Amino acid sequence: MSSIRAGELKPLGAFSPDRLEILPDVPTFEEVGVDVFPYGPVVQMAYIQAPAGLDPEIENALADAFEAALTSETFRDFAAKNGFVIDPLRGDELDAEVDGVADAIAEVAAQVFAD
């Protein structure tokens, strides 16, 4: 965002179904006629993993702490100013999201790197 605000970088479109609140004058790629979602939304994911077999009590305490940080007013303000979407998934819901992205990437890779 600092590069955009400084005029050093010009956004061409938003990789989202709707315009971004932080960049309301930037069209979505769909608006300019580019289908960037043939396999689902384009998202950047960040998540934290722990070692397999971690005590469930410790796992839940860590997940609760990270979720509290992500949903804190301080981080929400930072995210809003920088165009981040906060979606604190965990457990089965996170597993399903990661699996869906991995499946989409595999499908694209099979087409791009076909013999």
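To be clear, the structure that these remarks concern was listed above.
So, how was this worked out
Residues numbered from 1 in each chain as written. Predicted model: local features only at pLDDT ≥ 70, side-chain atom pairs only at ≥ 80, totals over all residues. Heavy atoms only, no water. Phe/Tyr/Trp six-rings, centres within 6.5 Å; stacked < 30°, edge-to-face > 60°. Helix = DSSP H or I, 4+ residues; strand = E, 2+ residues; numbered from the N terminus. Buried < 20%, exposed > 50% of the residue type's maximum accessible area, 1.4 Å probe, protein only. Patch = residues over 30% accessible without salt bridge, like charges linked within 9 Å, V, L, I, M, F, W, Y side chains within 5 Å. Areas by Shrake-Rupley, 256 points an atom, 1.4 Å probe, with all protein chains shown as cover. Salt bridge = Lys/Arg side-chain N within 4 Å of Asp/Glu carboxyl O. Expected span 1.5 Å × (residues − 1). Polar contact = N/O pair within 3.5 Å; in protein donor to acceptor, adjacent residues only side chain to side chain. Contact = heavy atoms within 4.5 Å.

Caption draft 1: Looking closely at the packing of aromatic side chains. What the rule picks out here adds up to three aromatic pairs. Arranged with centres 4.7 Å apart and planes meeting at 50°, the rings of Phe15 and Phe29 form a pair that is tilted. Separated by 14 residues along the polypeptide, Phe15 in the loop between helix H1 (2-5) and helix H2 (56-70) and Phe29 in the loop between H1 and H2 bring together distant segments of the chain. Centre to centre, the rings of Phe78 and Phe84 are 5.4 Å apart; their planes meet at 65°, and the pair counts as edge-to-face. According to the relative accessible area criterion, Phe84 is partly exposed, its value standing at 45%.

Caption draft 2: How the structure looks around a nonpolar patch on the surface. Taken together, Ile48, Ile58, Leu62 and Phe66 make up a surface patch of nonpolar side chains, about 370 Å² in accessible area. Residue position: Leu62 is located in helix H2. Under the relative-accessibility criterion, Leu62 is labelled partly exposed at 39%.

Caption draft 3: Structural detail: H2. Over its 15 residues, H2 runs 21 Å from end to end, which matches the ideal 21 Å to within 8%, given 1.5 Å per residue. Capping the start of H2, Asp55 holds a side-chain oxygen 2.7 Å from the backbone nitrogen of Glu57, two or three residues further along.

Caption draft 4: Summary view of the side chain of Ser16. Along the chain, Ser16 turns up in the loop between H1 and H2. A distance of 2.4 Å separates the side chain of Ser16 from the backbone oxygen of Asp18, its partner in a polar contact. Non-local contacts of Ser16, meaning those with residues more than four positions away in its chain, are made with Thr28 and Phe37.

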